[in-house]
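For reference, the chains in residue letters:
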Amino acid sequence: MTSAKADILARIRQANSQANLGFQAQPIPRDYHRSAADAGVDEATLVDLLVDRLIDYRAEVQVVSAADLPHTIGQVLGSARRVGVAPGISQDLLVDVQGDVQPDSIEVPPTELNELDAVLTSSAVTCALTGTIVLDGSDVCGRRALTLVPDRHVCLVPRSTIVYGIPETMTRLAKDPCVPMTMISGPSATSDIELERVEGVHGPRTLQVIIVDDA
């Protein structure tokens, strides 16, 4: 007995042989850009590229210094009454938050997460070319439910974690390939058969990104 896939491939090979096409497998070129340097993109342009992609996805974006980060977080969260925070986020960053700060834990059920006005996490690595933020389930990124259930996600993106393309993104993530990765490209959105865009169906309706110059 052979699998359906093996049977199909065998028939294709037989047909190619009978047609005398002389088909031979060709090597796949892998000379794509693996870093910003390969693409001729400097650090300033890299951040500008990421900001452009995020805005195109309808995310709200700010670029701030590390010194201004606590004040910026307080402003962004504004009047949020209940704020869920990834357990690894430093309390020093939350001094200007006016609402009730609730560090997340596995014991908090998803039904309670739905009562939060906003959540605050950091990120593991971000791809500028595609505008994709990756969370790896670590303490600073939080568990997956924390960033999928509430309607508003405020995400910190350290400048040192921004890379150019997907190859470099996956290289950084390959250090621990078993982590539960969540990839975010803008607020949650979907379109029905009439192409009517609806936001907030599969995750947060609002994504606010704070890029931190951590140099």
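These lines cover the structure that appears in this document, whether it is placed above or below. (Residues numbered from 1 in each chain as written. Predicted model: local features only at pLDDT ≥ 70, side-chain atom pairs only at ≥ 80, totals over all residues. Heavy atoms only, no water.)

1. Section: the sheet that holds strand 5 (residues 125–127)
Alright, step 1. Read from one edge of the open sheet, 4 strands run 8-5-6-9, paired in mixed fashion. Two strands lie at the open edges of the sheet, namely strand 8 (162–163) and strand 9 (182–184), each paired on one side alone.
Alright, step 2. Bridging between strand 6 (residues 132–135) and strand 9 involves 3 bridges; their strand directions are antiparallel. Opposite Leu135, over in strand 9, you have Thr182 as the bridge partner.
Alright, step 3. The strands touched by helix 7 (residues 166–173) are strand 5, strand 6, strand 8 and strand 9; relative to strand 5, the strand with the most contacts, the crossing angle is about 165 degrees. (Pairing = 2+ DSSP bridges. Helix = DSSP H or I, 4+ residues; strand = E, 2+ residues; numbered from the N terminus. Contact = heavy atoms within 4.5 Å. Axes fitted to C-alpha atoms, helices over the stretch in contact; angles between N-to-C directions.)

2. Let's talk about the sheet that holds strand 1 (residues 60–65)
Alright, step 1. The 6 strands are arranged 1-12-7-4-2-3 in an open sheet whose pairing can be described as parallel. Two strands in the sheet have a free side with no partner beyond their single neighbour: strand 1 and strand 3 (100–103). Ignoring strand direction, the axes of neighbouring strands in this sheet form an average angle of 20 degrees.
Alright, step 2. The pairing of strand 1 with strand 12 (residues 206–213) spans 6 bridges and is parallel. The residue bridging Val63 from the neighbouring strand is Ile211, located in strand 12.
Alright, step 3. Set on the sheet, helix 3 (residues 43–56) makes contact with strand 1, strand 7 (152–158) and strand 12; between it and strand 1 the angle comes to about 150 degrees.

None of this, on its own, says anything about what the molecule does.
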